[in-house]
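Structure at a glance
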Amino acid sequence: MQIPAPDSSNLATVSPQFAGDWILALRQCCTHEQLASFLQRAGLHLSGGQLTHRVTLDQIVRLYQIAAVETGDEMTGLWSRPVRSRALQHLLTTVREAGTLPAALHRFSTFWNLLLDDFRLDLTEDNASTGLQLVPQGAQPVQRFGHMLILKLAHGLLSWLAGYEVPVRAVHFAFERPGFAQDYSVIFPAPVSFSAPASAILFDTGNLGLPGPRNNGELNEFLARAPRDWIFTGFREHTQSLKVREFLYRSSWESCHLADAARALKVTPRTLMRRLDAEDTSFQAIKDGLRRDLAIRDLQTGQKSIEEISQDVGFSSAANFHRAFRRWTGAPPSAYRSPAA
């Protein structure tokens, strides 16, 4: 799959609670000292055993790549049985031989059903949709991060085979709506619902065409970048709120108003307001989220002073920026500075 040009998805952050389940899983497959080392090298911070800062795509990628190698588990403790090294390589080798994308989903489910004890992946098909659902094999609690990761892996592999981001019809999760539910919009380009009978991802069958050829070099590149190319989604073809964010990112966002975004998206301002409200957000909240993530990037890079960053994200003084940043993240800007910065 051709790597897309950078967009605002590369800046996206998720809440510490979103990744918290992953940290719990990691505790089961490494020592306290190992976990502390993993987190330190990934640039993540724990306080009282909990993540304290918003988490970037780069940090997720670094933590996964460190933990997958050093624990010997490519699913990093998310399932009761470790997924040994090179399993993902064999998965890609298996699915790239499929003649159609639905056949690739079937191969995906068969592969995981040989490895997992906790759940069975069932291929679901009807006249309109094709998908996968996780059927529990026992009474173990739902691992929210694990459910997200394996459904997103299915989407990422289909997109890799197709050569473009395959549209998703819907995503369902078999757990209650969490307080960080909005984070899932960064991961899945589709409506996400909760408290479903089973976690599942659905695709419109008509959108599942033929896969393209994938050689060994492309396979190895996908593995080397994992999970970068499949855990976050692009924002160009997405929910209305993330289309607005992408428009702001590519525009002079400081002076943009809702009417400008509506014009770019070819809707009326009233329609855009209504659609954003239906996604439980607003134009100002989207702009603030982009400002927050731009600030986090520059704080972690360490190449700008806090005064420069405050001006870049639209504040007349560093004091105003400090107040807003604490409101956005619950921490002062200095907490996001890399120790090496």
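Use the structure listed above.
I will try to describe carefully the structure that is included in this document. All residue numbers refer to position in the chain's written sequence, counted from 1. Reporting of local features is limited, given that this is a predicted model, to residues whose pLDDT is at least 70; pairs of side-chain atoms are given and counted only at 80 or more, and all residues count toward the totals for whole chains, interfaces and linings. Derived side-chain values reflect all non-hydrogen atoms in the structure, with water molecules and hydrogen atoms excluded from consideration.

Here's the deal with the overall build of the protein chain
In this description a helix means any DSSP run of H or I spanning at least four residues, a strand means any run of E spanning at least two, and both kinds are numbered starting from the N terminus. Per the secondary structure count, the protein chain includes 15 helices and 9 strands. Relative to the compact-globule value of 20 Å for 341 residues, the protein chain shows a C-alpha radius of gyration of 20 Å, a close match. Projected onto its principal axes, the C-alpha coordinates of the protein chain cover approximately 60 × 50 × 40 Å. Per-residue burial over the protein chain gives 51% buried out of 341 residues. A sequence separation of at least 24 residues applies to 66% of the contacts in the protein chain between residues at least 6 apart. Throughout, the Shrake-Rupley method with a 1.4 Å probe supplies accessible areas, and for residues the shown protein chains are the sole cover considered. Summing over all exposed atoms, the protein chain offers an accessible surface of approximately 15500 Å²; the carbon and sulfur share of this is 50%. As defined in this context, the radius of gyration uses C-alpha atoms, and a globule is described by 2.2 Å times the residue total to the power 0.38. Three labels apply to residues, based on accessible area from a 1.4 Å probe with only protein chains included: buried if under 20% of the type maximum, exposed if over 50%, partly exposed otherwise in between. In this analysis, two residues are considered to be in contact whenever any of their non-hydrogen atoms come within 4.5 Å of each other.

Looking at the side chain of Arg291
With respect to the helices and strands, Arg291 occurs in helix α13 (residues 283-301). Apart from residues lying up to four places away in sequence, Arg291 is in contact with Trp253, Gln284, Val313, Gly314, Phe315 and Trp328.

Let's talk about the packing of helix α5 (residues 101-115) against helix α6 (residues 144-162)
The angle between the axes and the distance between the axes are what describe a pair of packed helices. As a packed pair, α5 and α6 sit with axes 10 Å apart at the nearest point and diverge in direction by 140°. Overall, the two elements α5 and α6 adopt an arrangement that is oblique. Here α5 runs over α6; the crossing is right-handed. Packed against α5, whose contacting residues are Leu101, Ala104, Leu105, Phe108 and Trp112, the element α6 presents Ile150, Leu153, Ala154, Leu157, Leu158, Leu161 and Ala162 at the interface. Residues are grouped as follows: Ala, Val, Leu, Ile, Met, Phe, Trp, Tyr, Cys and Pro are nonpolar; Asp, Glu, Lys and Arg are charged; every other residue, Gly included, is polar. Considering only residue class, the contact of α5 with α6 consists of 12 nonpolar, no polar and no charged. For helices, the axis comes from a line fit to the C-alpha atoms of the stretch in contact; other axes are also lines fit to C-alpha atoms, and the angle between any two N-to-C directions lies between 0 and 180 degrees. Throughout this description, any angle smaller than 35 degrees is read as roughly parallel, any larger than 145 degrees as roughly antiparallel, any in the 65 to 115 degree range as roughly perpendicular, and the remainder as oblique. Two helices cross in a left-handed way if the nearer one is turned anticlockwise from the farther one by less than a right angle. They cross in a right-handed way if the turn is clockwise.

A short note on the pattern of salt bridges
A side-chain nitrogen of Lys or Arg and a carboxyl oxygen of Asp or Glu constitute a salt bridge if their distance falls within 4 Å. Under the counting rule described, the total for this entry stands at 18 salt bridges. Arg245 is the partner of Asp293 in a salt bridge, and the nearest nitrogen-oxygen pair spans 3.0 Å. In this pair, Asp293 is assigned in helix α13 and Arg245 in helix α10 (residues 240-249), connecting sequence segments 48 residues apart. A single burial state applies to Asp293 and to Arg245, both of which are buried. Ionic pairing is found between Asp260 and Arg263, a salt bridge with its closest N-O pair at 3.2 Å. Remark: Arg263 and Asp260 occur in helix α11 (residues 258-264); sequence separation between them is 3 residues, near one turn of the helix. A residue is classified by how much of its surface remains accessible, and Asp260, at 23% relative accessible area, is partly exposed. The class for Arg263 is exposed, based on a relative accessible area of 57%.

With respect to the pairing of strand β6 (residues 129-136)
For β6, the tally of buried residues reaches 6 of 8 residues, placing the bulk of the element in the interior. Here 7 bridges tie strand β5 (residues 119-125) to β6, and the two strands are oriented antiparallel to one another. Residue pairing in the sheet places Phe119 in a bridge with Pro136 of β6. Any two strands are treated as partners once DSSP identifies two or more bridges connecting them. Hairpin connection between β5 and β6: a loop of 3 residues separates the two successive antiparallel strands.

Quick notes on α13
By this rule the span expected of a helix is its residue count minus one, scaled by 1.5 Å. For α13, built from 19 residues, the straight-helix expectation of 27 Å at 1.5 Å per residue is met to within 8% by its first-to-last C-alpha distance of 27 Å. Within α13, 14 of the 19 residues are buried, leaving the element largely enclosed by the surrounding structure. One or two residues past the end of α13 sits Gly302, with phi positive at roughly 80°.

Re the packing of aromatic side chains
In summary, the pairing rule links any two rings of Phe, Tyr or Trp, Trp by its six-membered ring, whose centres are within 6.5 Å, and it sorts them by plane angle into stacked for under 30 degrees, edge-to-face for over 60 and tilted for everything else. This structure, assessed with the given rule, holds 21 aromatic pairs. Between Phe321 and Phe325 the ring centres are 5.6 Å apart and the planes differ by 55°, which places this aromatic pair in the tilted class. With a gap of 4 residues between them, Phe321 and Phe325 both fall in helix α15 (residues 318-329), about one helical turn apart. The exposure classification of Phe321 matches that of Phe325, with both residues buried. Aromatic pair Phe325 and Tyr336: ring centres 5.3 Å apart, planes at 85°, arrangement edge-to-face. Here the residue Phe325 occupies a position in helix α15, and Tyr336 occupies one in the segment after α15, the gap between them amounting to 11 residues.

With respect to the sheet that holds β5
Sheet architecture is open: 5 strands sit in the order β5-β6-β9-β7-β8, paired in mixed fashion. Two strands bound the open sheet, and with one partner strand each, they are β5 and β8 (192-193). Relative to β8, strand β7 (residues 170-172) runs parallel, the two sharing 2 bridges. Bridge assignment links Val171 to a residue of β8, and that residue is Val192.

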